[in-house]
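The primary structure of each chain is shown beneath.
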Amino acid sequence: MTTTVPVTEKKPASGLSANFIYKYRQMLVLPVLFIVASLVFYVMAPGFATADNLVNVARQSVYLLIVSLGQLIVLVVGGLDLSVGAIAALTSVAAALVMASMMAAMPDSPWLAIAAGSAVGFAVGAVFGLINGVGMAVMRIPPFMMTLGMSSVLFGITLFISGGVPVYGLPDVLGEVFGFGEFMGIPIPSLVALLLILITYGLLEWSRFGRHVYATGGNQRAADLSGIRTKRVIIQAFVICGVFASLTGLLLTARLGTGEANVGVTLPLESIAACVIAGVSLAGGVGRVFAVVVGTLLIMLVQNGLNLMQVGAYASTMTIGLILILAMALSRK
């Protein structure tokens, strides 16, 4: 006779334990990466830990942070926006052309020129954000393909209207106030970023729109059945993202003093990286404002440290990509 020996199977960890471990690991990814990067650059990058350098990192983080806040809203709703860089570039060129034209016609009205150029810039972000949202929500085009195609279209338009050369003739007060101006010792762009952080936090955490954004990104079908107009929520999210990208384009134009066609080349990758490092889910429904702020600071910290180490821009881009991959690997279940 053959004797059968019973085999004792190892029970898998309970779902509760697995979820606890996953959430705990997610919470640790960003702080660990931030601490490791800080220690590495403290040792290897001369002048990294000085007060002046850290203030410079915070100041340079403003432009990426504003775009990342818009990207956060789109990612939470279940989308993705690869056209933020192209929107910022087209905003820069279009607004600069309007300002330069009005300064040539009315040199004594710089604030009128700034207002007109800014209105055109925000219109660019709102219109193309609307198109992206309609493409995803109504036409059912995957957001990756929709915004990738839109990015190519927008860069083509930008190069066409600018001829591939910078646009000069902007009002001097634009750079003096919005590029290098300060209020009570705080740079004006930093104050704008702080205001947008508070607005975005209130929008996502304390408003009905924010609840609808999380519900739509978490489960769009269930959100539809509960009476949420998910298509409208998605479109609104893309419009907000486009307006934030336009604001970044305007601030960069003020900083540079010219309209540039290449101001937003790295913004799509870096804004997505800042969000993913901060624990924002690419599947939608998960993400917090203050974590994205820290994720953005981490990206800029790495770039600053590599610059101080005299590492080339190509290596910096590769490092950001590696951090993105590492963060994705550590945050997966």
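Residues numbered from 1 in each chain as written. Predicted model: local features only at pLDDT ≥ 70, side-chain atom pairs only at ≥ 80, totals over all residues. Heavy atoms only, no water.

On to the overall build of the protein chain, then. Summing up its helical and strand segments, the protein chain has 13 helices and 2 strands in all. Taken over the C-alpha trace, the protein chain has a radius of gyration of 22 Å; the compact-globule value for 333 residues is 20 Å, and the two agree within 12%. Once the C-alpha set of the protein chain is aligned to its principal axes, its extents read approximately 105 × 55 × 35 Å. In the protein chain, which comprises 333 residues, the proportion classed as buried is 48%. (Helix = DSSP H or I, 4+ residues; strand = E, 2+ residues; numbered from the N terminus. Rg over C-alpha atoms; globule rule 2.2 N^0.38 Å. Buried < 20%, exposed > 50% of the residue type's maximum accessible area, 1.4 Å probe, protein only.)

For the pair helix α8 (residues 208–218) and helix α10 (residues 230–256), interaxial distance at closest approach is 10 Å and the crossing angle is 105°. With respect to each other, α8 and α10 are oriented roughly perpendicular. Judged by residue contacts, Phe209, His212, Val213 and Thr216 of α8 engage Thr230, Val233, Ile234, Gln236, Ala237 and Ile240 from α10. (Axes fitted to C-alpha atoms, helices over the stretch in contact; angles between N-to-C directions. Parallel < 35°, antiparallel > 145°, perpendicular 65-115°, else oblique. Contact = heavy atoms within 4.5 Å.)

So, on to the nonpolar core. Counting 81 residues, the largest nonpolar core has Ile66, Leu72, Ile277 and Val302 as its most contacted members. With 13 residues, the top contributor of residues to this core is helix α2 (residues 51–76). Leaving out residues up to four positions away in the same chain, Leu72 has contacts with Leu204, Cys275, Val280, Gly287, Arg288, Val289 and Val292. Counting 13 residues, the second-largest nonpolar core is a separate cluster that includes Ala96, Ala100, Val167 and Leu174. (Core = buried A, V, L, I, M, F, W, Y, C linked by side-chain atoms within 4.5 Å.)

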